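One letter stands for each residue in the lines below.
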Amino acid sequence: MKSIIFEEIKRVLRCEFVLENPKNKNLAHFSTPLAFSLAKGLKKSPALIASDLALKFEDNPCFESVEAVGGYLNFRLSKALLNTLCDEALKNPQNFAKGEEKKQKFLLEYVSANPTGPLHIGHARGAIFGDTLVRVARHLGYGFDTEYYVNDAGNQIDFLGLSVLSKARILCLGEELEYPQECYKGDYIDDLAKEAFSHFGADFFSDENLNTLVDWAKDKMMERIQKDLRQARIKIDNYSSEKSYYNALNLTLEALKERGGTYEKEGKIWLASSQKGDKEDRVIVREDGRGTYLAADIVYHRDKMSRGYDGCVNIWGADHHGYIARMRAAVEFLGFDSKNLEIILAQMVSLLRDGQPYKMSKRAGNFILMSEVLDEIGPDALRFIFLSKKCDTHLEFDINDLKKQDSSNPIFYINYAYARIQQIFAKTQKSTGDILGADFSSLNEEGANLLFEALNLKAVLSDAFEARALQKIPDYLKNLAAAFHKFYYDNRVIGAANEDSLLKLFAMVGLSLKTACGLLGLELKDKMQSH
């Protein structure tokens, strides 16, 4: 809708301008401060210029009114235009708020948690943000592929195998040995050890079989991780193995060296990242010839940046903030434009229960399991609350607030609006098809503003995606639900003279709620359970 209005105003004014969305829709649906930028050149006051511009829109069927207010040009859309846009949306609900297919294609790498333990609540935030970003991007017409980088090599994965081996000896074979300090804690290791013992048999658990056990345990953990992701309605297109890139390390080192990106010192190979904005240089190959964690990441990014995408997007935990400069430096030394590498940081999450810190999971060891929270509040509540605040800001929420069946719970409040619409249609025994012929000539100003908000979803999605500010979508849903509830209480619907017009308005609101919630990964109910 916004793009249609922008093009119409541009056709009339024949100049560039900024189109804004005023918060108070009683003043205007759209507004432009164009007169202020023209004042100096025309040597006239902005108010007088705006008045002159407003005259150009007389009798324009797109607008109910175009007014000059203090130098601003304010536009209210005509009910005829709103009706046309509403008809188009209701007749083609699957295409509502969609964008045209674009040429740009991106690769999103996210989650990428080490397969040495279950996903915790911190992993969930980046996972849900990334999944929603892709849903919105694809709806708007962008090409997006998703990938999980599996850290299946290095010390951390070896310790997983050693953890399972040691626990199997202690728990299943009854050996009296001390559990290694560096190994992983938590009941999930006990479960893995018992499953491994059942799978391999008692004679298997010796040091010579450690590598086999490492691979087996890693695969089991990845199965667990993928199960947790599915429970949160997250699907990742491709899983990329760190181990598979090991043979490409030498070629990557040569590519870095060609552009002066590496040097040798103290028997190590260093990345000269301080030349590209990092605060210091970084070791990428140790004295014994083994690549560091950073080296493996550089090899992986060389592969990603070589695949022909218009951009690569990474979602990392907040603890990786210091890692950004060195990775951008490596990308530059490899001959790529680091502007095509976008890194989004997901900040930490604090979980409460009745105002008190949520207890750590015994099964996980020292963190809160994503699966436990999902079991308690479900994917709808978890996804909504994690998307309700900007990803790079700290998030704190009380789990019991999300179980309330009243307006204080935003998920309930939004779903109640949608369910109320479905029940109104059920009571009237009418379908959307029955009321498509109705128009909005009798719609009051409150109804016209509600209709405008429902039709404005695409602009909200575009703004949220481009700014990577997905919290704008939950905000939109809360505001739309609140506006609907207020309108419903203020206006008689069933049996009203303009019942069909109001039902058509409600159908549009319902479509917008359902579309936006679907893009957030939420599943709306047609009927709320009574308590």
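No experiment lies behind these values; they were computed from the predicted model shown. (Residues numbered from 1 in each chain as written. Predicted model: local features only at pLDDT ≥ 70, side-chain atom pairs only at ≥ 80, totals over all residues. Heavy atoms only, no water.)

Quick look at the sheet that holds strand 1 (residues 30–32)
On the basis of which strands lie adjacent, the open sheet formed by 3 strands has the order 1-3-2 and antiparallel pairing. At either margin of the open sheet sits one strand with a lone partner, and together these are strand 1 and strand 2 (63–69). In this sheet, neighbouring strand axes are inclined to one another by 20° on average, regardless of whether the strands run parallel or antiparallel. Sheet topology note: the strand 2/strand 3 (residues 72–77) ladder contains 6 bridges and is antiparallel. The partner of phenylalanine 63 across the bridge, within strand 3, is leucine 77. (Pairing = 2+ DSSP bridges. Helix = DSSP H or I, 4+ residues; strand = E, 2+ residues; numbered from the N terminus. Axes fitted to C-alpha atoms, helices over the stretch in contact; angles between N-to-C directions.)

A word on helix 11 (residues 324–333)
Among the 10 residues of helix 11, 7 are classified as buried, and the element is accordingly described as predominantly covered. The inward-facing, buried residues of helix 11 contact helix 9 (249–258), strand 8 (268–271), strand 9 (282–285), helix 10 (293–305), strand 10 (311–317) and strand 11 (341–346). Positioned one or two residues after helix 11, glycine 335 has a phi angle of 95°, which is positive. (Buried < 20%, exposed > 50% of the residue type's maximum accessible area, 1.4 Å probe, protein only. Contact = heavy atoms within 4.5 Å.)

Comments concerning the side chain of lysine 218
As for its position among the elements, lysine 218 is in helix 8 (residues 210–231). On the basis of relative accessibility, which here comes to 14%, the residue lysine 218 falls in the buried class.

Here's the deal with the sheet that holds strand 6 (residues 238–241)
Each strand in a sheet pairs with its neighbour through backbone hydrogen bonds, running either in the same direction (parallel) or in the opposite one (antiparallel). Here we have 5 strands laid out as an open sheet, ordered 6-5-4-10-11, and parallel in their pairing. Looking at which strands have only one partner, the edges of the open sheet turn out to be strand 6 and strand 11. The average angle at which neighbouring strand axes cross in this sheet is 25°, direction not considered. Here 4 bridges tie strand 5 (residues 143–150) to strand 6, and the two strands are oriented parallel to one another. Its bridge partner being in strand 6, tyrosine 149 is matched across the sheet by serine 240. Against the sheet, helix 8 engages strand 5 and strand 6, with an angle of about 145° to strand 5.

Focus: the packing of helix 9 against helix 10
One can describe the packing of helix 9 onto helix 10 by two numbers: an axis separation of 10 Å at closest approach and a directional angle of 80°. By the angle class used here, helix 9 and helix 10 are roughly perpendicular. Across the interface between the two elements, Leu249, Leu251, Thr252, Ala255 and Leu256 from helix 9 touch Ala295, Ile298, Val299 and Arg302 from helix 10. The class makeup of the residues in the contact of helix 9 with helix 10 is 7 nonpolar, 1 polar and 1 charged. (Parallel < 35°, antiparallel > 145°, perpendicular 65-115°, else oblique. Nonpolar A, V, L, I, M, F, W, Y, C, P; charged D, E, K, R; others polar.)

Points about the state of the cysteines
Summed over the entire model, instances satisfying the criterion amount to 0 disulfides. Cysteine 183 carries a free sulfur, and the closest cysteine sulfur to it, the one in cysteine 172, is 15 Å from it. Here cysteine 183 falls in the buried class, since its relative accessible area comes to 4%. Not engaged in a disulfide, the cysteine cysteine 312 finds its nearest cysteine sulfur in cysteine 391; these two sulfurs lie 18 Å apart. Classification of cysteine 312 as buried rests on a relative accessible area of 2%. (Disulfide = S-S within 2.5 Å.)

Notes on the pattern of salt bridges
This structure, assessed with the given rule, holds 37 salt bridges. Note that lysine 25 is salt-bridged to glutamate 453, the shortest N-O span being 3.4 Å. Of this pair, lysine 25 sits in the loop between helix 1 (2–13) and strand 1 while glutamate 453 sits in helix 15 (residues 445–455), and the two are 428 residues apart along the sequence. For lysine 25, a relative accessible area of 11% gives the class buried. The salt bridge partner of glutamate 523 is arginine 233, with a shortest N-O separation of 3.4 Å. Pair noted here: glutamate 523 is in the segment after helix 18 (499–519) and arginine 233 is in the loop between helix 8 and strand 6, with a separation of 290 residues, a long-range link. Within the structure, one salt-bridge network assembled from shared partners comprises Asp131, Arg135 and Arg383. (Salt bridge = Lys/Arg side-chain N within 4 Å of Asp/Glu carboxyl O.)

Here's the deal with the packing of aromatic side chains
This structure, assessed with the given rule, holds 27 aromatic pairs. For the ring pair phenylalanine 106 and phenylalanine 144, a centre distance of 5.2 Å and an interplane angle of 25° mean the geometry is stacked. With a gap of 38 residues between them, phenylalanine 106 in strand 4 (residues 105–109) and phenylalanine 144 in strand 5 connect regions that are remote in the sequence. Residue phenylalanine 106 is classed as buried on the basis of its relative accessible area, which comes to 16%. Its relative accessible area of 3% is what places phenylalanine 144 among the buried residues. (Phe/Tyr/Trp six-rings, centres within 6.5 Å; stacked < 30°, edge-to-face > 60°.)

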